[in-house]
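Take a look at the letters that make up each chain.
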Amino acid sequence: MPITAPDYSRYFADGTSFACGRDMTGTLSAVRVGELALSTGQVVACDPFVYLGSGDVEPFTVAVEPGRYAVEAAVATLVRPGAEPEPRPHTRVAAVRLVIRDVEVAGWELALLPGQDPAELGEEEYFGYGVDAGTGCFYDASAENAFPGTQEEEGAVWAAMESVGHGPDVFMAQGEDGHNLAGFTSGWGDGSYPTWIGRAADGSVACFLTDFFVVPHAAETETGAGVQAP
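Residues numbered from 1 in each chain as written. Predicted model: local features only at pLDDT ≥ 70, side-chain atom pairs only at ≥ 80, totals over all residues. Heavy atoms only, no water.

Trainee: Run through the packing of aromatic side chains, naming residues and quoting values.
Mentor: Using the criterion set out here, one finds nine aromatic pairs in the structure. The interplanar angle of 75° and the centroid separation of 5.0 Å between the aromatic rings of Tyr8 and Tyr11 together place this pair among those described as edge-to-face. For the residue pair Tyr8 and Tyr11, the accessibility class agrees, reading buried in each case. Ring centres of Phe184 and Phe212 lie 6.0 Å apart, and the angle between their planes is 55°; this geometry places the pair in the tilted category. With Phe184 in strand β10 (residues 180-185) and Phe212 in the loop between β12 (205-211) and β13 (226-228), this pair connects stretches of sequence that are 28 residues apart. Three or more aromatic residues link up through ring pairs in this structure, and these residues are Tyr126, Phe138, Phe184, Tyr193, Phe212 and Phe213. A cation over a ring is seen here: Arg97 above Phe12, with NZ or CZ 3.9 Å from the ring centre. (Phe/Tyr/Trp six-rings, centres within 6.5 Å; stacked < 30°, edge-to-face > 60°. Buried < 20%, exposed > 50% of the residue type's maximum accessible area, 1.4 Å probe, protein only. Helix = DSSP H or I, 4+ residues; strand = E, 2+ residues; numbered from the N terminus. Lys NZ or Arg CZ within 6 Å of the ring centre and 35° of its normal.)

And the structure:
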């Protein structure tokens, strides 16, 4: 059967710990990225340095009411027990969620693009977006052309990324005509990563969440098992 979602609520509970590989442990903390403007309510997730403005990405099939919504990252601080403390903490973005309603999630489903059918997925497979520049993002479909220069390694998204200091690599980029974008590094780097829709008990959308596989699932999942969006 396709990949199943773990309990993501613990990812955003400060102090949650986990084993990472054979010799590292991680501790999670929730970090606010910013507030994303969704003028149409159609959500896009992709690697902005590869796909933003290319015309090659589509929004998910599930849309929400237009508005402004909080974006939060679950950031893992990784240490080797017994090792000397590093000058700067080793952090990785484990997951990022776009919060539509601040309510408990009752169930998860894969966020899909037009034409994708979960019934076609094999054992431990999933639909996800490809990352080739170590970065993911959320933005409204109407913002596709609001960040000129991104493909030429210039403009607002590059400037926002380069302004990040020594903390977790998350940022907000301000585009043209009031559009913005929430960006973040993608866990261990390049790969294919699923985005999930969390639904409240009444069936309404609570959040969109991208998992970067920093926190091992109960059954280890290889990022290569993903089925990337075209």
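Next, the rest of the story.
Trainee: Can you explain the environment of Phe12? Please cite residues and give values.
Mentor: Tracing the sequence through the fold places Phe12 in the segment before β1 (17-20). The spacing of Phe12 and Asp140 is 128 residues in sequence and 24 Å in space, taken between C-alpha atoms.

Trainee: How would you summarise the nonpolar core if you had to cite specific residues and measurements?
Mentor: Core analysis: the largest hydrophobic core is formed by 52 residues, its most contacted members being Tyr11, Phe18, Val96, Leu98, Phe138, Phe184 and Phe208. Broken down by element, this core gets its largest block of residues, seven residues, from strand β4 (residues 67-79). Val44, Ala146, Phe147 and Leu181 belong to the second-largest nonpolar core, a separate cluster that totals 16 residues. (Core = buried A, V, L, I, M, F, W, Y, C linked by side-chain atoms within 4.5 Å.)

Trainee: Got a sec to walk through the pattern of salt bridges? Specific residues and values, please.
Mentor: Taken as a whole and assessed by the stated rule, the structure comprises five salt bridges. Measuring nitrogen to oxygen at the nearest pair gives 2.8 Å for the salt bridge that ties Arg68 to Glu35. With Arg68 in strand β4 and Glu35 in strand β2 (residues 24-38), the pair connects residues that are 33 residues apart, well separated along the chain. Residue classification places Glu35 among the partly exposed residues on the basis of a relative accessible area of 35%. Arg199 is the salt-bridge partner of Glu109, the closest N and O atoms lying 2.8 Å from each other. In this pair, Glu109 sits in strand β6 (residues 107-110) while Arg199 sits in strand β11 (residues 191-199), placing the two residues 90 residues apart along the sequence. (Salt bridge = Lys/Arg side-chain N within 4 Å of Asp/Glu carboxyl O.)

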